[in-house]
Amino acid sequence: MLEKLTLLIREYKGDDSIVIDEETSLVTDLGLTSLDMVQLVLDAEDKLNIYIPDQSLKDIKTVGDIIRLRK
Amino acid sequence: MRGMVYGKLAKNYDLYPCEEIFTLKELLIFAAKNHDEKTAFQFEENGSVTGVSYARFLSDVNALGTWLFAHDFRNMHIAVFGENSYAWIVAYFAVTCGRNVIVPIDKDASPEDFAYYVENSDCSAIFYSDAYADLPETLSPDIARFNLKQLPEMFAQGRRLLDEDCQTFVDTEPKPGDLASIVYTSGTTGRPKGVMLSHRNFCACTCGSCRHVNTKGASLLTLPLHHTYGLVVGVFCIMFYGCPIFINRSPKKLLTDFQKSHPYFLSTVPLIADLLLKNIWNAAKKDGKENELHRLIKISNFMLKFRVDLRSVFFHSILEALGGNLKTIVCGGAPLSQELVDGFRSFGIELFNGYGITECGPVVSVNRRKLSVPDSVGTPLCCNYVKIAENGEVLVKGDNVMLGYYHMPEETARAMEDGWFHTGDLGRLDEKGVLYITGRLKNLIILGNGENIPAEEIESRLYTIPYVKEAVAYGEGNTIVAELFLEENAKQTQTDVYADIKQLNKTLPQNRNIGKILIRDHAFPKTSTKKIIRSYGGTKHA
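In this text, all values refer to a predicted model and were calculated from it rather than measured experimentally.

**Some points on the overall build of chain A**
Then, in step 1: Summing up its helical and strand segments, chain A has three helices and zero strands in all.
Then, in step 2: Ordering the α and β elements of chain A from the N terminus gives α-α-α.
Then, in step 3: Taken along the three principal axes of its C-alpha coordinates, chain A extends 30 × 25 × 20 Å.
Then, in step 4: A separation of at least 24 residues holds for 46% of the contacts in chain A among residues at least 6 apart in sequence.
Then, in step 5: Accessible area for chain A stands at about 3500 Å²; split by element, carbon and sulfur atoms hold 45% of it.
Then, in step 6: Distance between charge centres in chain A, computed from 9 positive and 15 negative side chains, equals 4 Å.

This is the structure in structure tokens:
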């Protein structure tokens, strides 16, 4: 999952050099806004066949959170 | 207090006509009478779009209000909690039109804040959505709980009572000065404050807004309804015009809802406006049409100088991504860049910047179609006066200004002076009465999505890092910046600080995560009383 998310985040940010781990902060490390996070979640749902409920969106702060909160 | 007073005196062109109403019930009846079978609300349900007429909306409100009265919910404070939905809006009107008081609560509130809002506002009941049932279920059994999915049953029972001639709710007439709602807003220190807004406050703001900016087409509701801006501009104003309101229920569906609603009008915040414009450019880039688009914009802008408007021809296919009909966006809640205004105008979409604050119902001023001044927040609404105090603070007086803060008479007294509300924002008025916001007196971080975050709240957490000697938090666009001065003997490297802030972020809510860290070589400049001097928008305040 981490590898797939790496590719997704690289594509979203347009930066192939991005390296992430589960501790990567979406705000501090990747500079994402709350709406960027929603777009990233949508991409992940679309391409990685996962689902994150709306109620959990506010709890996503790190890459690891996306992995943990997916259904 | 000296200062030029503007508002009804501002030089302006004719305002749009708008019937005066004084209570939310009058608004509801006005809309049903004048727009009757026209579609009021649209929303996605079970994969298809459902529409509700203005007449049906009134009928649903009357049914739910009658049910509430039959179960002795009178003279009470009732909360509503959950994502945007038709049921949320019906509950709001059923409560307020029966002279009860509604307390809208942020669905993303922390458990502590949620409990505080319910308790502090003296709520006796709560309407909540099924998706956010967890927190309401923790409340004391003394507080009546209604899942919004039960509303159809309550409507049916209410209608039966109406058939039996239970007309008490229908005959109830709220007074303009009645408290309609308590809305919680972040203070700079301490707990959030409950802003008391009356029917008159809401209606003055609604009529004032409608007289300055008009619309004639469908709208997409993108803002959370617990914010007065989303509610007043996104719902109340549109009800006046009798246009359909498509309710966006999830941020994940924001872009796809444009295709379903084909909006003509949008009230939103800079963060969303920015996303929409970026999406247009990203799509052009993906299709290899970025250069072509730049070229067309140049030609179109050149032709506009000769009053030849080719924008609908040139950009028709591009604007399909936003539903194809979008003509007007009103933006508020946070500072807006002129680049964004110009960016939308290039495509034929007018973006009007406005200014408001919950305590003023919330709209104070807005730019207009024929009176749009770059970098300004427009002229004050006709319902309020604006003046600038000697210290540069923006003061507001009018029918839209709140009754006060709930259970906080001292805070109310601090905020009001001879009827003038102290906004805590700094500004200036030009000779035509156009308002410019230039900075802030209060230590609030205002992000692009309109979120107000007390700087002290972030700073107090930064001070829990042992080697942080001085800390200042502020906003930079959509990012929270932490500027730090470390203890002199601190051995931590930049990487250590970075790692500690990341750990701190894990304990902070997502919307308070720090995105940028600056480490100072020297201590912050101080006042004579040793308070750190903060810098906002080019001005310095202790």
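Still to come is the rest of the account.
**Topic: the packing of aromatic side chains**
All names here are of chain B.
Then, in step 1: Considering all chains together, one arrives at 24 aromatic pairs over all chains under this definition.
Then, in step 2: Aromatic pair Phe 127 and Phe 146: ring centres 5.2 Å apart, planes at 40°, arrangement tilted. With Phe 127 in strand E6 (residues 123-128) and Phe 146 in strand E7 (residues 144-147), this residue pair connects regions lying 19 residues apart in the sequence.
Then, in step 3: Here Phe 146 falls in the buried class, since its relative accessible area comes to 8%.
Then, in step 4: An angle of 55° between the planes, with centres 6.2 Å apart, marks the rings of Trp 281 and Phe 347 as tilted. Placement of the pair is Trp 281 in helix H10 (residues 270-286) and Phe 347 in the loop between helix H14 (338-346) and strand E14 (350-356), with a sequence separation of 66 residues.

**Quick word on the environment of Ala 115 of chain B**
All names here are of chain B.
Then, in step 1: Mapping Ala 115 onto the fold places it in helix H4 (residues 111-120).
Then, in step 2: For Ala 115, a relative accessible area of 36% translates into the label partly exposed.
Then, in step 3: For the pair Ala 115 and Thr 138, spaced 23 residues apart in the sequence, the C-alpha separation amounts to 8.8 Å.

**Notes on the domain arrangement of chain B**
Residue and element names in this part refer to chain B.
Then, in step 1: For chain B, the assigned domains read domain 1 (24-174 + 219-247), domain 2 (266-440) and domain 3 (444-541).
Then, in step 2: Taking only C-alpha atoms into account, the centre of domain 1 sits 29 Å from that of domain 2.
Then, in step 3: Regarding the contact of domain 1 and domain 2, the summed buried area is about 1100 Å², with carbon and sulfur atoms giving 62% of it.
Then, in step 4: Taken together, domain 1 and domain 2 are joined by zero salt bridges.
Then, in step 5: If you look at where domain 1 meets domain 2, you find seven residue pairs in polar contact (both at pLDDT 80 or more).
Then, in step 6: Secondary structure elements with two or more residues in the side of domain 1 that touches domain 2: H4 and helix H8 (228-241).
Then, in step 7: The greatest single-element share of the side of domain 1 that touches domain 2, amounting to five residues, is contributed by H8.
Then, in step 8: The residue makeup of the side of domain 1 that touches domain 2, split by class, is six nonpolar, six polar and one charged.

**Some details on the packing of helix H1 (residues 2-13) of chain A against helix H2 (residues 34-48) of chain A**
Pairs of packed helices are described in terms of their axes, by the angle between the two and the distance that separates them.
All names here are of chain A.
Then, in step 1: Axis separation between H1 and H2 bottoms out at 11 Å; the angle between their running directions is 130°. By the criterion of interaxial angle, the relationship of H1 to H2 is oblique. Between H1 and H2 lies a crossing of right-handed hand. For the pair H1 and H2, contact is made by Lys 4, Leu 5, Leu 8, Ile 9, Glu 11 and Tyr 12 and by Asp 36, Gln 39, Leu 40, Asp 43, Ala 44, Lys 47 and Leu 48, respectively.
Then, in step 2: Of the residues assigned to the contact of H1 with H2, the class counts are seven nonpolar, one polar and five charged.

**A short note on the nonpolar core**
In a soluble, globular protein the nonpolar side chains are often hidden away together inside.
Then, in step 1: Core analysis: the biggest nonpolar cluster contains 150 residues, and Phe 57, Phe 93, Phe 127, Phe 236 and Phe 344 of chain B have the highest contact counts within it.
Then, in step 2: Filtering out sequence-adjacent residues up to four positions away, Phe 344 of chain B remains in contact with Ala 273, Leu 276, Leu 277, Leu 322, Ile 329, Ile 349 and Leu 351 of chain B.
Then, in step 3: Ranked by size, the runner-up nonpolar core spans 22 residues in total, among them Leu 5, Met 37, Ile 50 and Ile 67 of chain A.

**Here's the deal with the packing of helix H9 (residues 254-261) of chain B against H10 of chain B**
Residue and element names in this part refer to chain B.
Then, in step 1: Put simply, H9 and H10 touch, their axes get as near as 11 Å, and they point 75° apart. Put simply, H9 runs roughly perpendicular to H10. Note on element contacts: H10 touches H9 through Ile 272, Leu 275, Leu 276 and Asn 279, opposite Leu 254, Leu 255 and Phe 258.

**Remarks on the interface of chain B and chain A**
Then, in step 1: Contacts between the two partners involve 26 residues from chain B, matched on the other side by 25 residues from chain A.
Then, in step 2: Of the roughly 2200 Å² buried at the junction of chain B and chain A (both faces included), carbon and sulfur atoms supply 55%.
Then, in step 3: In terms of surface lost to chain A, no three residues of chain B exceed Lys 252, Lys 506 and Gln 510 of chain B, which account for 35% of the buried area on that side.
Then, in step 4: If you look at where chain B meets chain A, you find four salt bridges.
Then, in step 5: Glu 45 of chain A serves as the salt-bridge partner of Lys 252 of chain B, at 2.6 Å between the closest nitrogen and oxygen.
Then, in step 6: Joining chain B to chain A, the criterion identifies 14 residue pairs in polar contact (both at pLDDT 80 or more).
Then, in step 7: When residues of the side of chain B that touches chain A are assigned to their parent elements, the largest contribution, six residues, is made by helix H17 (residues 494-507) of chain B.
Then, in step 8: Across the side of chain B that touches chain A, the residue classes tally to twelve nonpolar, nine polar and five charged.

Analysis parameters
- Residues numbered from 1 in each chain as written.
- Chains lettered and ligands numbered in written order.
- Predicted model: local features only at pLDDT ≥ 70, side-chain atom pairs only at ≥ 80, totals over all residues.
- Heavy atoms only, no water.
- Helix = DSSP H or I, 4+ residues; strand = E, 2+ residues; numbered from the N terminus.
- Contact = heavy atoms within 4.5 Å.
- Areas by Shrake-Rupley, 256 points an atom, 1.4 Å probe, with all protein chains shown as cover.
- Lys, Arg positive; Asp, Glu negative; His and termini not counted.
- Charge placed at Lys NZ, Arg CZ, Asp CG, Glu CD.
- Phe/Tyr/Trp six-rings, centres within 6.5 Å; stacked < 30°, edge-to-face > 60°.
- Buried < 20%, exposed > 50% of the residue type's maximum accessible area, 1.4 Å probe, protein only.
- Domains from an automatic or database assignment.
- Buried area = accessible area lost by both parts, 1.4 Å probe.
- Salt bridge = Lys/Arg side-chain N within 4 Å of Asp/Glu carboxyl O.
- Polar contact = N/O pair within 3.5 Å; in protein donor to acceptor, adjacent residues only side chain to side chain.
- Nonpolar A, V, L, I, M, F, W, Y, C, P; charged D, E, K, R; others polar.
- Axes fitted to C-alpha atoms, helices over the stretch in contact; angles between N-to-C directions.
- Parallel < 35°, antiparallel > 145°, perpendicular 65-115°, else oblique.
- Left-handed = near helix turned anticlockwise from the far one by under 90°.
- Core = buried A, V, L, I, M, F, W, Y, C linked by side-chain atoms within 4.5 Å.

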